[in-house]
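Summary of the model geometry
Letter by letter, the chains look like this.
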Amino acid sequence: MLTVQNIDVFYSDLQVLWDVSFHVREGEILVLIGANGAGKSTVIRTISSLLKPRKGSIRFGEVQLDRLAPHQIIEHGIVHVPEGRRLFSEMSVEENLFMGSLCRRAKAQRPESVAHVYRLFPRLLERRKQMAGTLSGGEQQMLAIGRGLMGLPRLMMFDEPSLGLAPLLVQEILSMIGRVNEEGVTVLLVEQNVTQTLRMCHRAYALENGRVVLEGTGDALLKNDHVREAYLGL
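Here's a quick rundown of the structure.

Cut-offs applied
Residues numbered from 1 in each chain as written. Predicted model: local features only at pLDDT ≥ 70, side-chain atom pairs only at ≥ 80, totals over all residues. Heavy atoms only, no water. Buried < 20%, exposed > 50% of the residue type's maximum accessible area, 1.4 Å probe, protein only. Helix = DSSP H or I, 4+ residues; strand = E, 2+ residues; numbered from the N terminus. Pairing = 2+ DSSP bridges. Contact = heavy atoms within 4.5 Å. Axes fitted to C-alpha atoms, helices over the stretch in contact; angles between N-to-C directions. Salt bridge = Lys/Arg side-chain N within 4 Å of Asp/Glu carboxyl O. Parallel < 35°, antiparallel > 145°, perpendicular 65-115°, else oblique. Left-handed = near helix turned anticlockwise from the far one by under 90°. Nonpolar A, V, L, I, M, F, W, Y, C, P; charged D, E, K, R; others polar. Core = buried A, V, L, I, M, F, W, Y, C linked by side-chain atoms within 4.5 Å.

1. Some thoughts on the pairing of strand S9 (residues 203–208)
In terms of burial, S9 is a largely internal element, five of the six residues being buried. Pairing of strand S3 (residues 29–33) with S9 involves four bridges; the strand directions are parallel. Bridge pairing in S9 places Leu32 opposite Tyr205. Relative to strand S10 (residues 211–217), S9 runs antiparallel, the two being bridged by six bridges. What sits directly across from Arg203, in S10, is Thr217. As consecutive antiparallel partners, S9 and S10 are separated by two residues, and within that stretch Asn209 has a phi angle of approximately 50 degrees, a positive value.

So, in structure tokens, the structure goes:
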């Protein structure tokens, strides 16, 4: 479905990814794990075309994404739920949801999509006229996910969705992402809650210092000695 092949990525003259390759299969949850600064968010930003690789390629089916502008990416069914949620705080819940359906193919199905989001997240229906900036952290993350679903994604990319949330809410948000996947959306997840995400995913890659160092099923990486020492403190 998605193939990232041998990409090098820079911020100005500073290289942050070296020869990174991985693939995402249709229907799965794929997780990227790694410490702060390992390059995980940079990978997501590069797939979204917010950054351009200096070497390598990114393909989504037959489409070469690294040749597209960021606003063209969503037209192909790829949605990025960014770190920190990035909501429009002075707009209502419903207005934020509508902002997720501005691309041509999603706009035509806006009534059906917003009804679907409210079925998934009844709390958003209760607060649909409330300003997004007044929601709790967990509710804001629900809204960020709902806004992403409004774009009719085939592939949904989540960058640190549990950041800043209480432990009980972390499990709730990860369960929501699992439900999104069960409804047929492929998921690429960047997350520092390594144990929980490896338990829920199909496959995972570990990044260290901008390079892929390990790959395998979630279960296999949970049992890997390096992962247990480096990420789980065991």
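2. What about the sheet that holds strand S5 (residues 63–64)?
Reading across the sheet, the four strands line up as S2-S1-S4-S5 and stay open at both edges, with antiparallel pairing between neighbours. Both outer strands of the open sheet, strand S2 (14–24) and S5, are each paired with one neighbouring strand and no more. Here strand S1 (residues 2–11) pairs with S2 via seven bridges, running antiparallel. Bridge pairing in S2 links Thr3 to His23. Across the sheet, helix H1 (residues 40–47) lies against S1, S2 and strand S4 (55–60), angled at about 110 degrees from S1, the strand it touches most.

3. Details of the sheet that holds strand S7 (residues 155–159)
Here six strands make up an open sheet; going across it, the order is S6-S7-S8-S3-S9-S10 and the pairing mixed. Two strands bound the open sheet, and with one partner strand each, they are strand S6 (78–81) and S10. Mean inter-strand twist for the sheet, computed between neighbouring axes without regard to direction, equals 15 degrees. Note that S6 and S7 share four bridges and pair parallel. Along S7, the bridge assignment pairs His80 with Met157. Here helix H7 (residues 137–149) sits on the sheet in contact with S6 and S7, set at roughly 155 degrees to S7.

4. With respect to unusual backbone geometry
The phi angle at Asn6 is positive, at roughly 55 degrees, despite the residue not being glycine. Counting through the fold element by element, Asn6 comes out in strand S1. Positive phi outside glycine occurs at Asn209, with the angle close to 50 degrees. In this fold, Asn209 is placed in the loop between S9 and S10. Classification of Asn209 by relative accessible area gives exposed; the value is 61%.

5. Section: the pattern of salt bridges
The final tally for this structure, using the stated rule, is eight salt bridges. In this structure, Lys129 engages Glu94 in a salt bridge whose closest nitrogen and oxygen atoms are separated by 3.6 Å. Note that Lys129 is positioned in the loop between helix H6 (122–126) and H7 and Glu94 in helix H3 (residues 93–99), a separation of 35 residues in sequence. Exposure remark for Lys129: the relative accessible area of 60% places this residue in the exposed category.

6. Observations regarding the packing of H7 against helix H8 (residues 167–182)
The geometry of a pair of packed helices is captured by two quantities: the angle between their axes and the separation between those axes. The contact between H7 and H8 brings their axes to 10 Å, and the two run at 15 degrees. What the angle tells us is that H7 and H8 run roughly parallel. Crossing angle aside, the handedness with which H7 passes H8 is right-handed. Only Leu169, Glu172, Ile173, Met176, Ile177 and Val180 of H8 make contact with H7, whose side of the interface consists of Gly138, Gln141, Met142, Ile145 and Leu149. Along the lines of polarity and charge, the residues of the contact of H7 with H8 split into eight nonpolar, two polar and one charged.

7. Concerning the nonpolar core
Judged by nonpolar contacts, the single largest core of 43 residues is most densely connected at Ile33, Phe121, Ile145, Met156 and Leu198. The element contributing the most residues to this core is H8, with six residues. In this structure, Val9, Leu30, Ile44 and Leu68 belong to the second largest nonpolar core, which totals 28 residues.

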